[in-house]
Amino acid sequence: MNQIDWAGWREEFPGLRLSTYLNTVSLGQLSRRSRAAMVHFMDLWTETGSAAWYAYWLKEQQATREEFARLIGADPQEVAIMPNVSSALGAVSSSLDFAKRSQVVTTALDFPTLTYHFLAKDREGLESVILASPDGIQVPLAAFERVVSAKTALIATSRVYFTTGFIQDVAALAQLAHRNGALLLVDDYQATGQVPIDVRRTEVDILITGGLKWLIGGPGIAYLYVRRELIQSLKPTVTGWFSHARQFDFDPHHLEFREDARRFEAGTPSVASIYAGRAGLQIINEIGAVNVRRRSAELREDLVGRLTERGYRLRLPADPDTRSGITIVELEDPMAVTRALAERRIIVDKRPGAVRISPYFYNTTEENEIVVEALTELTRGSW
Ligand SMILES: Cc1ncc(COP(=O)(O)O)c(C=O)c1O
């Protein structure tokens, strides 16, 4: 049933020959295709100079919106290309009126850029509720239900927690938000690419993600989805000339936003990153997010089995359907272990009290074996 040539796809990522690389949670591998696309970008720059903008670069940006829209089941007009998650968050939240509804609900397991963003708005009278996690793995839906009310503007949380790999039920959160007249904003950075999503079906209002990790597109690119029905009502105050409906009129007196999600794209795009990013998206779309998920689930379960056998303590969601490609191994000195593994050319990531091991579709069970053997040698007796 599995017709995909995983060994062939592995060849697409030459960096995998240089180390045992199990760190897509931090940075996805560079594909030959992304490299070639960036070289092509530079060739166009050399050969056509400023004409590249209209002849190629802005078209590439549009094609990238289309490729991303395809991946999440959106319309390209609902997609903006941004330089990073933080600036996407800034643009979109600058268009929300927190005077009417003054509460934003996040969780302690979310990536801090999300909580920082709303904490910084306390001087505007915004109340940030950061829900605690009872088990350090997830935040139950009931905890959201207890606080979300008519004063909530936004539930803002991740689909996959960077801290635990837990996959949240964003469809249930969307329903909860909507029942209370609030919106759901999803930080999807640790999910898109590795865990499929259909934004229409899940009824997410705003989704932000980026190229760095599971979308194997490198730094400098993020993707912002805003549900069609919302776009017209959102007028960002973090804005610029690329947001203007008639950008090239250069009329300094009137600001008229674009009709579509491009109204959130304030300034000159990061074109090299767009070339790399689109190539990454194409690979995920070609393989199919469902196949990526199946393959990475197989590798994760293999890894979990090996680690459990050796007695390691994992921060692991109980239900395999809520596990992603991020496996958290609790260790006393993650810094030293990560460094010692790197000396053996085994690349994993560290976080306080744990290492994160994240096999992706291009990895193998042999690599899982290598990391678990090395980990056992390094930590024997200390766990
Ligand atoms: C869940 C999540 N959100 C956001 C980011 C990064 O945000 P930004 O693109 O603003 O650097 C990361 C990066 O590690 C992340 O894991």
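In the block above lies the structure referred to throughout.
(A) Geometry of the overall build of the protein. Scanning the protein from terminus to terminus reveals 13 helices and 12 strands. Computed over its C-alpha atoms, the radius of gyration of the protein comes to 21 Å, within 12% of the 21 Å expected for a compact globule of 383 residues. Overall, the protein is about 70 × 60 × 40 Å in size when its C-alpha atoms are taken along their principal axes. For the protein, the residues scored as buried account for 55% of the 383 residues in total. For the protein, restricting intrachain contacts to residue pairs at least 6 apart in sequence, the fraction spanning at least 24 positions comes to 71%. Of the roughly 16500 Å² of accessible surface on the protein, a fraction of 53% belongs to carbon and sulfur atoms. Side-chain charges of the protein comprise 43 positive and 47 negative groups, with the mean position of each set lying 1 Å from the other.

(B) Here's a closer look at the site of the ligand. In the neighbourhood of the ligand, the contacting residues comprise N84, V85, S86, F111, D187, Y189, Q190 and K213. Residue S86 places a side-chain N or O atom 2.5 Å away from an oxygen atom belonging to the ligand. Contact distances for the ligand include 3.0 Å between an oxygen atom and a side-chain N or O atom of Q190. When isolated, the ligand has an accessible area of 400 Å², and the protein chains bury 83% of it.

(C) Summary view of the nonpolar core. In this structure, L184 and F361 are the most contacted members of the largest nonpolar core, which totals 60 residues. L184 has contacts with I155, V170, L173, A174, A177, V204, D205 and I206, leaving out every residue within four places of it along the chain. Formed by 29 residues, the second largest nonpolar core is a distinct cluster that contains A80, L154, L185 and L234.

(D) Structural context of the sheet that holds strand 11 (residues 349–351). Taken together, the 3 strands give an open sheet; going across it, the order is 9-12-11, and neighbouring strands pair in antiparallel fashion. Looking at which strands have only one partner, the edges of the open sheet turn out to be strand 9 (327–330) and strand 11. Averaged over all pairs of adjacent strands, the angle between strand axes in this sheet comes to 30 degrees, irrespective of strand direction. Alignment of strand 11 against strand 12 (residues 354–357), held across 3 bridges, turns out to be antiparallel. Within strand 12, the position partnered with K350 by the bridge is V355. Strand contacts of helix 11 (residues 289–309): strand 9 and strand 12, with the helix running at about 15 degrees to strand 9, the strand carrying the most contacts. Across the sheet, helix 12 (residues 334–343) lies against strand 11 and strand 12, angled at about 175 degrees from strand 11, the strand it touches most.

(E) Just the pairing of strand 2 (residues 79–82), in detail. A two-sided burial pattern is seen for strand 2, the buried positions comprising V79 and I81 on one face and A80 and M82 on the other. The pairing of strand 2 with strand 8 (residues 222–226) spans 4 bridges and is classified as antiparallel. If you follow V79 over to strand 8, its bridge partner there is Y225.

(F) The arrangement of the packing of helix 4 (residues 85–93) against helix 5 (residues 112–119) in detail. The geometry of helix 4 relative to helix 5 is characterised by a closest axis approach of 10 Å and an angle of 35 degrees between their N-to-C directions. Considering how the two elements wind past one another, helix 4 and helix 5 form a crossing that is right-handed. Touching V85, S86, L89, G90 and S93 of helix 4 are T113, L114, H117 and F118, all from helix 5. Tallied by class, residues from the contact of helix 4 with helix 5 come to 4 nonpolar, 5 polar and no charged.

(G) Just helix 5, in detail. Buried within helix 5 we find L114, T115, H117 and F118. Each buried residue of helix 5 sits inside an arc of 155 degrees when the element is viewed along its axis, so together they form one side.

(H) Structural detail: the environment of Y223. As for its placement among the helices and strands, Y223 is situated in strand 8. Taking the C-alpha atoms as reference points, Y223 and V290, 67 residues apart in sequence, are found 20 Å from one another.

(I) Region of interest: the sheet that holds strand 2. Taken together, 7 strands build an open sheet; the order of strands is 2-8-7-6-5-3-4 and the sheet is mixed. Strand pairing shows two members of the sheet lacking a second neighbour, strand 2 and strand 4 (127–131), which therefore form its edges. Averaged over all neighbouring strand pairs, the angle between strand axes comes to 20 degrees, with direction disregarded. Helix 4 rests against strand 2, strand 6 (183–187), strand 7 (206–210) and strand 8 of the sheet, and its axis sits at about 160 degrees to strand 7.

Basis of the calculations
Residues numbered from 1 in each chain as written. Predicted model: local features only at pLDDT ≥ 70, side-chain atom pairs only at ≥ 80, totals over all residues. Heavy atoms only, no water. Helix = DSSP H or I, 4+ residues; strand = E, 2+ residues; numbered from the N terminus. Rg over C-alpha atoms; globule rule 2.2 N^0.38 Å. Buried < 20%, exposed > 50% of the residue type's maximum accessible area, 1.4 Å probe, protein only. Contact = heavy atoms within 4.5 Å. Areas by Shrake-Rupley, 256 points an atom, 1.4 Å probe, with all protein chains shown as cover. Lys, Arg positive; Asp, Glu negative; His and termini not counted. Charge placed at Lys NZ, Arg CZ, Asp CG, Glu CD. Near = heavy atom within 4 Å. Polar contact = N/O pair within 3.5 Å; in protein donor to acceptor, adjacent residues only side chain to side chain. Core = buried A, V, L, I, M, F, W, Y, C linked by side-chain atoms within 4.5 Å. Pairing = 2+ DSSP bridges. Axes fitted to C-alpha atoms, helices over the stretch in contact; angles between N-to-C directions. Left-handed = near helix turned anticlockwise from the far one by under 90°. Nonpolar A, V, L, I, M, F, W, Y, C, P; charged D, E, K, R; others polar. Arc of directions from axis to C-beta.

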